[in-house]
Amino acid sequence: MNALERLLAGVRKEVARRESEVSFTEIKKLAAQRPTPKDGVRALRTEGAVSVIAEIKRATPGEGFLRDLPDVAALARAYQAGGASVISVSTEKNFFCGSIEDLVQVRGAVEVPVLYKDFVLTPYQVHEARALGADLVLILQTLAEQNVVTSLVERAHSLGLTAIVEVHSRLEAFRALDAGARVIGVNAQDLRTLDFNMENFAQIVDVIPEQVVAVAESGVARPHDVFNYAQQGADAVLIGSALVKSNDPQSLVAEMVAAGSHPALAISRKSRVSKDYQRD
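Given the structure is predicted, the values throughout are model-derived calculations rather than measurements. (Residues numbered from 1 in each chain as written. Predicted model: local features only at pLDDT ≥ 70, side-chain atom pairs only at ≥ 80, totals over all residues. Heavy atoms only, no water.)

### Quick word on the pairing of strand E8 (residues 162-167)
Rules: When accessible area is computed with a 1.4 Å probe and restricted to protein chains, residues below 20% of their type maximum are described as buried, those above 50% as exposed, and intermediate ones as partly exposed. Here a strand is any run of E in DSSP of at least two residues, a helix any run of H or I of at least four, and the numbering for each starts at the N terminus. If you view a crossover with the strands going away from you and the path from the first strand over the helix to the second runs clockwise, you call it right-handed.
The buried fraction of E8 amounts to six of the six residues, a majority that puts the element mostly inside the structure. Judged by which residues are buried, E8 turns out to be covered on both faces: Thr162, Ile164 and Glu166 on one side and Ala163, Val165 and Val167 on the other are all buried. As for the winding sense of the linkage, the β-α-β connection from E8 through helix H8 (residues 170-178) to strand E9 (residues 183-187) is right-handed.

### What about the packing of aromatic side chains?
Let me state the cut-off plainly: Ring geometry is summarised as follows: Phe, Tyr and Trp rings, the Trp one being its six-membered ring, pair when their centres sit within 6.5 Å, and such pairs are stacked at plane angles under 30 degrees, edge-to-face over 60 and tilted between the two.
For the structure shown, the criterion picks out three aromatic pairs. Measuring from centroid to centroid gives 6.1 Å for Phe24 and Tyr124, while their planes differ by 50°, and the two rings are tilted. A residue pair is termed long-range when its members are at least 10 positions apart, and Phe24 in helix H2 (residues 24-32) and Tyr124 in helix H6 (residues 123-131) qualify at 100 residues. On the basis of relative accessible area, Phe24 is assigned to the partly exposed category, the value being 26%.

### Quick look at unusual backbone geometry
Its identity as a non-glycine residue notwithstanding, Cys97 has a phi of 55°, on the positive side. Residue placement: Cys97 occurs in the loop between strand E5 (86-90) and helix H5 (100-107). A positive phi is found at Ser218, a non-glycine position, where the angle reads about 80°. In this fold, Ser218 is placed in the loop between strand E10 (213-217) and helix H10 (223-232). With relative accessibility at 18%, the residue Ser218 sits in the buried group.

### A few points about the side chain of Arg58
Note the threshold: The contact definition used throughout considers only heavy atoms, calling two residues in contact when any of these lie within 4.5 Å.
Turning to its location among the elements, Arg58 is positioned in the loop between strand E2 (49-56) and strand E3 (59-60). By relative accessible area, Arg58 is classed as buried at 15%. Leave out the neighbours within four places in its chain, and Arg58 touches Gly64, Phe65, Leu66, Arg67, Asp68, Leu69, Val72, Phe96, Cys97, Gly98 and Asp102.

### Quick look at the environment of Ala181
With respect to the helices and strands, the residue Ala181 is situated in the loop between H8 and E9. The spatial distance from the C-alpha of Ala181 to the C-alpha of Leu66 is 31 Å, given a sequence separation of 115 residues. Beyond its immediate chain neighbours, meaning those up to four positions away, Ala181 contacts Val153, Val165, Ala176 and Val212.

### Concerning the pattern of salt bridges
Here is the rule we go by: Every case where a carboxyl oxygen of Asp or Glu lies within 4 Å of a side-chain nitrogen of Lys or Arg is listed as a salt bridge.
On inspection of all chains with the given rule, the structure shows 14 salt bridges. Salt-bridge contacts for Lys245 lead to Glu63; the nearest nitrogen and oxygen are separated by 3.0 Å. Separated by 182 residues along the polypeptide, Lys245 in helix H11 (residues 241-245) and Glu63 in the loop between E3 and strand E4 (64-65) bring together distant segments of the chain. Between Asp225 and Arg222 there is a salt bridge, with the nearest N and O atoms lying 3.5 Å from each other. Residue classification places Asp225 among the buried residues on the basis of a relative accessible area of 13%. A residue is classified by how much of its surface remains accessible, and Arg222, at 46% relative accessible area, is partly exposed. A single network of salt bridges, built from pairs that share partners, joins Glu14, Arg17, Arg18, Glu21, Lys93 and Glu128.

### Points about the pairing of strand E11 (residues 236-239)
Quick reminder of the rule: Here a strand pair is declared whenever DSSP counts at least two bridges between the two strands.
Here E11 shows two buried faces, one formed by Ala236 and Leu238 and the other by Val237 and Ile239. In the sheet, E2 pairs with E11 via four bridges, with the strands oriented parallel. By the bridge assignment for E11, Ser51 is matched with Ala236. Here E10 pairs with E11 via three bridges, running parallel. Pairing of Ala216 across the sheet is with Val237, part of E11. Viewed along the sheet, the connection from E10 through H10 into E11 turns out right-handed.

### With respect to the packing of H6 against helix H7 (residues 146-158)
The criterion, for reference: Note on method: axes are straight lines fitted to C-alpha atoms, helices fitted across the in-contact stretch only, with angles between N-to-C directions ranging 0 to 180 degrees. Here the angle decides the label: under 35 degrees means roughly parallel, over 145 means roughly antiparallel, 65 to 115 means roughly perpendicular, and every other value means oblique. By convention, the crossing between two helices is left-handed when the near helix turns anticlockwise from the far helix through less than a right angle, and right-handed when the turn is clockwise. Classification convention: Asp, Glu, Lys, Arg as charged; Ala, Val, Leu, Ile, Met, Phe, Trp, Tyr, Cys, Pro as nonpolar; all other residues, Gly among them, as polar.
Packing of H6 against H7 brings their axes to within 10 Å, and their N-to-C directions diverge by 25°. The angle between H6 and H7 places the two elements in the roughly parallel class. In this structure, H6 crosses over H7, and the sense of that crossing is right-handed. Of the residues in H7, those in contact with Pro123, Val126 and His127 of H6 are Leu152, Arg155 and Ala156. A per-class count over the contact of H6 with H7 returns four nonpolar, one polar and one charged.

Listed below in C-alpha cells is the structure:
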C-alpha cells in the first residue's frame, strides 16, 4: 500500500471504533444541538489580503513527529492572537498524532472558525465534526467515487459546515466543482508518494473560478511563501509544520498574515477569471 492507502486504513478503523461508542443516530442528535456554524467562506475571504489557516498537529506522514503539544488550547489562542482567520485541528490519530479531544479543546478556546482536519470518508464524520463544534471540514477529492464526494459535500453544506475539497490536479479541481465545492484546497504534497511540488497551485488555480475560494496547502515555511501564493491568486493559505515547530508561533502567524496583505500585492497579484460555472 502507498502512504495514502495506509493512512486511510487507519482512519476507517478509528472511525469504526468511535461509531461503536457513539452511534450514528446519537452523533446526529448531538450535531443538531449545536449552534449555527461560523461562516467559513467569509473567514477565508479577506478583502485585499490572503487569509491564514493555522494548523495544529503533532506529526506528519512525511516528517514524522514534530513536537509535543501539551496545551493545544494555548497554541490555538496564540494563532488567533497572531491574526489567523481559521484554526485547523488535525484529528487523525496514527500519522498526525491528533484526536477529537484536541478539537474540543480548541473550539472552547477561540472565537474564529475551526476546521476538522481529517480524512472524511463517511457521513458519520461530517456529523461528528458538527457535534464537536467544527465549522469547516476537509474532504479529499482523491478519496472516493465522485458520487461519494458529492454526497459528503452536500451533507456538510446541509449542516451549515464549509467543506474544503482538497485536490492535487486540474482534473480533480474540475471534479470538485462538479461536487459543489465552494472552497477548493490545492495541496502541494502528493499524499500517495509524500513528494512536494510547490508549483502545483500555480498549475491548477486558473481553473478555480474567483467566486470559489482557492486555498494553497502545504510547504509554507516562510512569509515569502505566503506572498508567492498570494501573487498566484490564492485567497487563503494553510500553514502547519512551520508554526508547530516555531518557538514563537504567534509572531510567525503575524508575519505570515502581514505577508499576505503586503501593499505590493495590489499590483502583482494574479486575478482569476470569473466563470459562470454550472454543475451538470
